[in-house]
Amino acid sequence: MQCVKCKDMYKRIEYQTIKSRLEEPRRFIQVVLGPRRVGKSTVVRQVLEELDAPYMSFSADNVPATNSAWISNCWAGVRDFMENNAYQSMVLVIDEIQKIYNWSEAVKKEWDDDTFHHREIKVLLLGSSRVLLEKGLSESLAGRFEEIRMTHWSYPEMKECFGFTLNQYLFYGAYPGAASLIDDEERFQQYIQSSIIDATINKDILMDTPIGKPALLRQTFELGAAYSGQILSLNKMLGSLQDAGNTATLSGYLNLLNESGLLRGLQKFSMDMARRKASIPKLQVYNNALKTLFTPLTFEQAILDRKEWGHIVESGIGAHIVSQAFAQRFEVFYWRERNDEVDFILRKKDSVVAIVVKSNAEKNTSGLSRFKEMFHPKTAFVVGDGGIGTEEFLSMDLKKLF
């Protein structure tokens, strides 16, 4: 697979958002957050290279977590550089800041000091563990920051930048760093395992969260990814896992995997919040490469296997939906009553959208009619046979549905 437009040159939509905010007068800390390997550092580097302003950039990736003074040292370096060169304004960038213990208190102290002394130091923070970032932001930096959420690459982006076909996108997912490896499936799988899964679990979860059974966390992810797009009760998961503990443990692990941008368990749509939380989860990866890593079939074999390809298509559409939900801030559920089912329910405020994925001619869509009668969604439609084409849907900006 040859890159059509080099990923280091390709500008994602967030480029313009970050650039315009850094060109404004100092007002808020800008926080870029999202899962690993989606291009956060690349887009920030692109902005800095074209921004008509001096900057200094630091990474906390290899800094000891207890070294909270490191953040103050970064700030001191920027202030000295700014003063020595008589700059009126500078940009300070800190990557993977959530790795530093009590980082938000240190940032608050330095930001408030700049505010008090009228220093025009604009601050851009990046991080891949959104739970740690958001916890620090809500605890210490309320009113001082804006979020810029980045998520997995869309089908149009992978098509334009790497020349992906629809089927390639559905099978190989949307990690730009792995795009050049799809002609060698073993190398591709090694990249997804080591650079995405292992790095996220080891660096974003296990290093910062007390986990009683790390092996069970990994098993939970692997089982959930393999069953992406399907409803699977926690009790059934317990029966498939070794040393599985209880359903509360699995539910907690699913929450951690969701917060790290790997896998989530969708709740059943209900007007009753208690019933939603007690529902059987529908498992869904954020990127389809995480599902197909656990299929025994090659790309060519999967396309020819009608049942397996149907699961891959449904999971790929779900990955598009949950990734957009993170970036665009809407909720995602599923709905099922007896034999009636709606694959995805999208909700933003009081606006509800119902979607059925029909990946083969045999699939029944009667659930959509039943759901419309019961809940009166703003819109309801089928993706696939007899409805909106899969390629068209994967090219949609879902916030426009609301």
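Quick caveat: nothing in here was measured; it's all calculated off a predicted structure.

Another aspect to go through is the overall build of the protein. Scanning the protein from terminus to terminus reveals 17 helices and 11 strands. Taking 2.2 N^0.38 as the reference for a compact globule, 402 residues should give roughly 21 Å; the C-alpha atoms of the protein span a radius of gyration of 22 Å, in line with that estimate. The dimensions of the protein, computed from C-alpha atoms along their principal axes, are 70 × 45 × 45 Å. The 402 residues of the protein split such that 52% are buried. Accessible area of the protein: about 18300 Å², with a carbon and sulfur share of 47%. The distance from the centre of the 50 positive side-chain charges to the centre of the 51 negative ones in the protein is 5 Å.

With that settled, the discussion passes to the environment of L126. Residue placement: L126 occurs in strand 4 (residues 121-127). Given a relative accessible area of 2%, L126 falls into the buried group. For the pair L126 and D397, spaced 271 residues apart in the sequence, the C-alpha separation amounts to 25 Å.

Tallying each qualifying case throughout the model produces 19 aromatic pairs. Centre to centre, the rings of F269 and F333 are 5.7 Å apart; their planes meet at 75°, and the pair counts as edge-to-face. Of this pair, F269 sits in the loop between strand 6 (263-268) and helix 12 (273-277) while F333 sits in strand 8 (residues 331-337), and the two are 64 residues apart along the sequence. Judged by relative accessible area, F269 falls into the buried class, the value being 3%. Put simply, the rings of F269, F333, W335, F371 and F375 pair up and form one aromatic cluster. It is K282 that lies over the ring of F344; its NZ or CZ is 4.3 Å from the centre.

What follows is about the pattern of salt bridges. Taken as a whole and judged by the stated rule, the model has 24 salt bridges. Notably, a salt bridge pairs K159 with E391, separated by 3.6 Å at the nearest N-O pair. Residue K159 is located in helix 6 (residues 155-162), and its partner E391 is located in helix 17 (residues 390-394); the two are separated by 232 residues in the primary sequence. Between D340 and R370 there is a salt bridge, with the nearest N and O atoms lying 3.2 Å from each other. Placement of D340 in strand 9 (residues 340-348) and of R370 in helix 16 (residues 366-375) is noted, with a sequence separation of 30 residues between them. The buried category is assigned to D340, whose relative accessible area is 16%. When salt bridges with common partners are traced through the structure, they connect R79, K109, E110, D113, D114 and R119 into a single cluster.

Quick look at the sheet that holds strand 6 now. Picture the strands of a sheet paired through backbone hydrogen bonds; they go either parallel or antiparallel. Taken together, the six strands give an open sheet; going across it, the order is 7-6-8-9-10-11, and neighbouring strands pair in mixed fashion. Strands with a single pairing partner mark the edges of an open sheet, and in this sheet they are strand 7 (282-285) and strand 11 (379-384). Each strand of the sheet is rotated relative to its neighbour by a mean of 35°, with strand direction disregarded. Inspection of the sheet shows strand 9 paired to strand 10 (residues 351-358) by five bridges, in the antiparallel sense. Within strand 10, the position partnered with R347 by the bridge is V352. Packing against the sheet, helix 9 (residues 214-226) makes contact with strand 6 and strand 7, and its axis sits at approximately 65° to strand 6.

Turning next to the pairing of strand 7. Burial along strand 7 is two-sided: the residues K282 and Q284 and L283 and V285 are all buried. Where strand 6 meets strand 7, four bridges bridge the pair, whose relative direction is antiparallel. By the bridge assignment, R264 is partnered in strand 7 with Q284.

On to the packing of helix 1 (residues 14-23) against helix 2 (residues 40-50), then. Contact pair helix 1 / helix 2: the axes reach a minimum separation of 9 Å and the direction vectors enclose 45°. Looking at the two axes, helix 1 sits oblique to helix 2. The crossing of helix 1 and helix 2 is right-handed. Residues E14, Y15, I18, K19 and L22 of helix 1 form the contact with helix 2, whose participating residues are V43, V44, Q46, V47 and E50.

Right, let's talk about helix 16 for a bit. For helix 16, every residue scored as buried is listed here: G367, L368 and F371. Taken down its axis, helix 16 places every buried residue within 100° of arc, on the same side. Structurally, helix 16 contributes buried residues whose contacts are with strand 8, strand 9, strand 10 and strand 11. Looking one or two places after helix 16, you find H376, whose phi comes out positive at around 50°.

Okay, the nonpolar core next. Counting residues in each nonpolar core, the largest one holds 74 residues, and the members touching the most others are I192, I321 and L346. With near-sequence residues (within four places) excluded, L346 lies in contact with I321, F330, E331, S351, V352, V353, I355, L398, L401 and F402. Within the second largest apolar cluster, 26 residues are counted, among which are W70, V78, I121 and L125.

This brings us to the sheet that holds strand 3 (residues 90-95). Strand order in the open sheet made by the five strands is 2-3-4-1-5, with parallel pairing throughout. Where the open sheet ends on each side, the last strands, each with one partner, are strand 2 (55-59) and strand 5 (145-149). On average, each strand axis in the sheet is tilted by 20° relative to the strand beside it, whichever way the strands run. As paired strands, strand 1 (residues 29-33) and strand 4 are joined by four bridges and run parallel to one another. Its bridge partner lying in strand 4, L33 is registered against G127. Packed onto the sheet, helix 3 (residues 69-84) meets strand 2, strand 3 and strand 4 and runs at close to 160° relative to strand 3.

About the criteria used
Just so you know, the residues in each chain are numbered from 1, in the order the chain's sequence is written. In keeping with the predicted nature of the model, local features appear solely for residues at pLDDT of at least 70, side-chain atom pairs appear and are counted solely at 80 or more, and the whole-chain, interface and lining totals rest on all residues. In computing side-chain properties, one takes all heavy atoms of the structure into account and sets aside hydrogens as well as water. Numbering of helices and strands starts at the N terminus; helices are DSSP runs of H or I of at least 4 residues and strands are runs of E of at least 2. Each radius of gyration reported is based on C-alpha atoms, and the globular scaling rule is 2.2 Å times the count of residues to the power 0.38. Exposure categories follow from relative accessible area, calculated using a 1.4 Å probe and restricted to protein chains: below 20% of the type maximum is buried, above 50% is exposed, and the middle band is partly exposed. Method for areas: the Shrake-Rupley scheme with a 1.4 Å probe, in which residue coverage is limited to the protein chains shown. Two residue types count as positive, namely Lys and Arg, and two as negative, namely Asp and Glu; His and chain ends fall outside the count. Note on charges: their place is set at NZ of Lys, CZ of Arg, CG of Asp or CD of Glu. Classification of ring pairs uses Phe, Tyr and Trp, with its six-membered ring standing for Trp, and accepts pairs whose centres are within 6.5 Å; under 30 degrees between planes counts as stacked, over 60 as edge-to-face, and the remaining range as tilted. Look at NZ for Lys and CZ for Arg. If either is within 6 Å of the ring centre and within 35 degrees of the ring normal, a charge sits over the ring. Any Lys or Arg side-chain nitrogen located within 4 Å of an Asp or Glu carboxyl oxygen qualifies as a salt bridge. Each pair of strands is called paired provided DSSP finds at least two bridges between the two strands. To get an axis, fit a line to the C-alpha atoms, keeping to the stretch in contact for a helix; angles then go from 0 to 180 degrees between the N-to-C directions. Should any heavy atoms of two residues lie within 4.5 Å, those residues are considered in contact. Each angle receives one of four descriptions, namely roughly parallel if under 35 degrees, roughly antiparallel if over 145, roughly perpendicular if within 65 to 115, and oblique otherwise. Crossings are classed by handedness, with left-handed meaning an anticlockwise turn of the near helix from the far one by less than a right angle and right-handed meaning a clockwise turn. To be clear, the arc concerns the directions from the helix axis to the C-beta atoms. Within this scheme, the nonpolar core is defined by two criteria: the residues are buried Ala, Val, Leu, Ile, Met, Phe, Trp, Tyr or Cys, and they are joined through side-chain atoms within 4.5 Å.

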